[in-house]
Amino acid sequence: MNTDRCHIVVCLVLVLLLAVTGQALAQDPPATKTPLPVPESPVVTLDSNIENDVETGDFVVTSSNTSVFNNAESVELFSAIESRRTEAEEIVSPADAGTIRISAEDLEYEDGDIVSFSLTGLAALDDATYSDSPSLIFCYPVHESCSDPRTLVRSLPPPVDATVSLSATAQAQTEGTGGTFEVNIPIRGTVIASADGFQWNAHNSDGNSASGQENLGTSQVLVQAQAEAEVQAEAQAVDSFETIQFGADLIDFEPDESVRITLRTVAPSGSNIYVDSHPVVYYFCVDPDVDCAALWNSSVPGGGGDGDGGGGGVGGNCLNTDEAAPIKVCANADYSSYTLYGVYQDSTVQSLSSVTSASSLCGAKAEAEDNLASGTNVAANKAYTVSYDGDCTMTLSTYYADKGPDVDKPYIITIDEHHTVRYVQW
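Residues numbered from 1 in each chain as written. Predicted model: local features only at pLDDT ≥ 70, side-chain atom pairs only at ≥ 80, totals over all residues. Heavy atoms only, no water.

### Some words on the overall build of the chain
Helices and strands together make up the secondary structure of the chain, namely six helices and 27 strands. Split into buried and exposed, the 426 residues of the chain put 40% on the buried side. Taking the contacts inside the chain whose residues are at least 6 apart along the sequence as the reference set, 56% of them involve residues at least 24 apart. (Helix = DSSP H or I, 4+ residues; strand = E, 2+ residues; numbered from the N terminus. Buried < 20%, exposed > 50% of the residue type's maximum accessible area, 1.4 Å probe, protein only. Contact = heavy atoms within 4.5 Å.)

### A look at unusual backbone geometry
The amide bond that connects Tyr140 to the next residue, Pro141, takes the cis arrangement and shows omega of -10 degrees. Structurally, the position occupied by Pro141 is in the loop between strand E9 (136-140) and strand E10 (154-155). Phi angles above zero are rare outside glycine, and Asn381 is one such case at about 60 degrees. Turning to its location among the elements, Asn381 is positioned in the loop between strand E23 (369-377) and strand E24 (382-388).

### Topic: the environment of Ala193
Structurally, Ala193 is set in helix H3 (residues 189-193). The exposure class assigned to Ala193 is buried, which follows from its relative accessible area of 4%. The sequence separation of Ala193 and Leu216 amounts to 23 residues, and the corresponding C-alpha distance is 7.9 Å.

### Description of the side chain of Ser74
Assignment of secondary structure puts Ser74 in strand E4 (residues 74-81). Residue class for Ser74 comes out buried when judged on its relative accessible area of 13%. Discounting residues that sit within four places of it in the chain, Ser74 has contacts with Ile91, Val92, Pro94, Thr120, Gly121 and Leu122.

### As for the state of the cysteines
All told, the structure shown has four disulfides when counted by the stated rule. At a sulfur-sulfur separation of 2.2 Å, the disulfide partner of Cys285 is Cys292. Disulfide Cys285-Cys292: the torsion about the S-S bond is 90 degrees, which places it as right-handed. Judged by its relative accessible area of 10%, Cys285 falls in the buried class. Assessed through its relative accessible area of 9%, Cys292 is described here as buried. Along the chain, the cysteines engaged in disulfide bonds are linked according to the scheme 1-2, 3-4, 5-6, 7-8 when indexed in sequence order. (Disulfide = S-S within 2.5 Å.)

### Topic: the sheet that holds strand E27 (residues 421-425)
Strand pairing in a sheet relies on backbone hydrogen bonds, with the paired strands running either antiparallel or parallel. Read from one edge to the other, the open sheet built from five strands follows the order E23-E24-E25-E26-E27, with strand pairing classed as antiparallel. What marks the edges here is a single partner per strand, and that holds for E23 and E27. Across this sheet, the average inter-strand angle for adjacent strands is 20 degrees, counted without regard to direction. Looking at chain direction, strand E26 (residues 410-416) and E27 are connected through four bridges and run antiparallel. Counted as the bridge partner of Ile415 is Val421 from E27. (Pairing = 2+ DSSP bridges. Axes fitted to C-alpha atoms, helices over the stretch in contact; angles between N-to-C directions.)

### Side note on the pattern of salt bridges
A full pass over the atoms with the stated rule returns five salt bridges. Here Asp402 ties to Lys382 by a salt bridge, and the two come within 2.9 Å at their closest N and O atoms. Taken together, the residues span a long stretch of sequence, with Asp402 in the loop between strand E25 (393-399) and E26 and Lys382 in strand E24 at a distance of 20 residues. Bridged by salt links that share partners, the residues Asp47, Asp58 and Arg101 form one connected network. (Salt bridge = Lys/Arg side-chain N within 4 Å of Asp/Glu carboxyl O.)

### Quick look at the sheet that holds strand E21 (residues 337-343)
Ordered in space as E19-E20-E21-E22, the four strands form an open sheet in which the pairing is antiparallel. Edge strands, defined here as strands with exactly one partner in the open sheet, are strand E19 (317-318) and strand E22 (349-356).

### Description of the environment of Val275
Turning to its location among the elements, Val275 is positioned in strand E17 (residues 274-275). Along the chain, Val275 and Thr265 lie 10 residues apart, while their C-alpha atoms are 8.8 Å from each other.

### Quick word on a negative patch on the surface
On the surface, a cluster of negative charge is contributed by Asp206, Asp249, Asp252, Glu254 and Asp256. Of note, Glu254 is situated in the loop between strand E15 (238-247) and strand E16 (258-266). The partly exposed category is assigned to Glu254, whose relative accessible area is 34%. (Patch = residues over 30% accessible without salt bridge, like charges linked within 9 Å, V, L, I, M, F, W, Y side chains within 5 Å. Areas by Shrake-Rupley, 256 points an atom, 1.4 Å probe, with all protein chains shown as cover. Lys, Arg positive; Asp, Glu negative; His and termini not counted. Charge placed at Lys NZ, Arg CZ, Asp CG, Glu CD.)

### Quick word on the packing of aromatic side chains
One pair of aromatic rings is described through two measures. These are the centre distance and the angle between the planes. One pass over the full model with this rule turns up 11 aromatic pairs. Ring geometry for Phe59 versus Tyr140: centroids 5.2 Å apart, planes at 65 degrees, classification edge-to-face. Residue Phe59 is found in strand E3 (residues 54-62), and its partner Tyr140 is found in strand E9; the two are separated by 81 residues along the sequence. Residue class for Phe59 comes out buried when judged on its relative accessible area of 0%. Centre to centre, the rings of Tyr411 and Tyr423 are 6.5 Å apart; their planes meet at 75 degrees, and the pair counts as edge-to-face. Within this pair, whereas Tyr411 is found in strand E26, its partner Tyr423 is found in strand E27, the two being separated by 12 residues in sequence. (Phe/Tyr/Trp six-rings, centres within 6.5 Å; stacked < 30°, edge-to-face > 60°.)

### Points about the side chain of Asp113
Relative to the helices and strands, Asp113 resides in the loop between strand E6 (99-103) and strand E7 (115-122). Here Glu110 takes part through its backbone nitrogen, which lies 2.9 Å from a polar atom of the side chain of Asp113. (Polar contact = N/O pair within 3.5 Å; in protein donor to acceptor, adjacent residues only side chain to side chain.)

### Thoughts on the environment of Ser347
Looking at the secondary structure, you find Ser347 in the loop between E21 and E22. Distance from Ser347 to Glu323, taken between C-alpha atoms, is 9.1 Å for residues 24 residues apart in sequence.

### Considerations on the nonpolar core
If you look at the biggest cluster of nonpolar residues, it comprises 29 residues, and the most contacted ones within it are Phe181, Val183, Phe246, Ile251, Phe253, Ile261 and Leu263. Grouped together as the second largest cluster of nonpolar side chains are 24 residues, Leu319, Tyr335, Ala358 and Leu396 included. (Core = buried A, V, L, I, M, F, W, Y, C linked by side-chain atoms within 4.5 Å.)

### Let's talk about the confidence of the model for the chain
When pLDDT is averaged along the chain, the result is 78; 75% of the residues meet or exceed 70. Counted against residues more than four places away or in other chains, residues 229-237, with its pLDDT under 50, gives nine contacts. (pLDDT = per-residue confidence, 0-100.)

Structure representation (structure tokens):
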């Protein structure tokens, strides 16, 4: 009898469990998290004190409606000076979000600076209902060029309108007995004048190359250039020229060859404001009536470097310039698309795929896409993927070829809308 009762109890428990499980399975899957409301536009004031001719004090951010923070775990105020990369952060509880203070001294604020602020409601990490709010970006003082303070680091403008010439006697040019290449680069405005200089790389169509870096001229010249640029900012007039010189013998130049010179603007070492520009390519031929770019592309091994079947050099302007890169990312002439090339151990290449450039995706306001391109880099026998985050940055993720103890060593870079490469793992 007791055994029968046990069987009945077990059966009832099983029925209840099945009913509960069936009900749970019948329910809709968990809904996507809802972003917290965007904070309403606050009032920003500078509560300053003057002590010994030095302005000190706090920026005070006052929000009249704090109900938007009700479901937040905390509220973050992040700020940065736009003219130099100084920043400060304050995280407060929702109850204290009506008035948030950030030290002007921590920001190294000076009268006239533009300060960018980002105000965000932060959800709890384990919150199943809410995610962080979209950030509210605003400035002090109100300014039309206000930027997200987390993205103020930007790429220097590339060299433009540079001219390439060969200084040599007519006989020397005919006989190919040397001479000096001169690359004249106009310096426009204060941004380029803030750079360290220009990085250059010269290749002749026979495969010989030379490279170097030309630092900008004397500080007196730069001060004068900056002063003139400020006066003529609207016109963006040319202030001065920087000249790069190298001997034609460095690349064993012959009169029937063409030369490709790649230039990029180099940011100061340790700069918190600027990063290097994307490279710009110029061509030179002794005969000025020749289409030098076409001559170069037809004479370079591999028909201009398409690389199929392990041809010669890569085509276009390569963005990741590290020599050991298992995949090179090279832009077309107008930087609207990139071509990926797998690089073999002997430096020959294999074209892999083409993708729309980061700047084009950014301009088109493209949504995030996990797989712009993917496949196997046959040069390293490793998989690769290219993804886009929906916010103007793409990521190339792959591996180096296995070598010695290194197996599946990651190579991950990002490329932003300025075609600037940042190395995540390499």
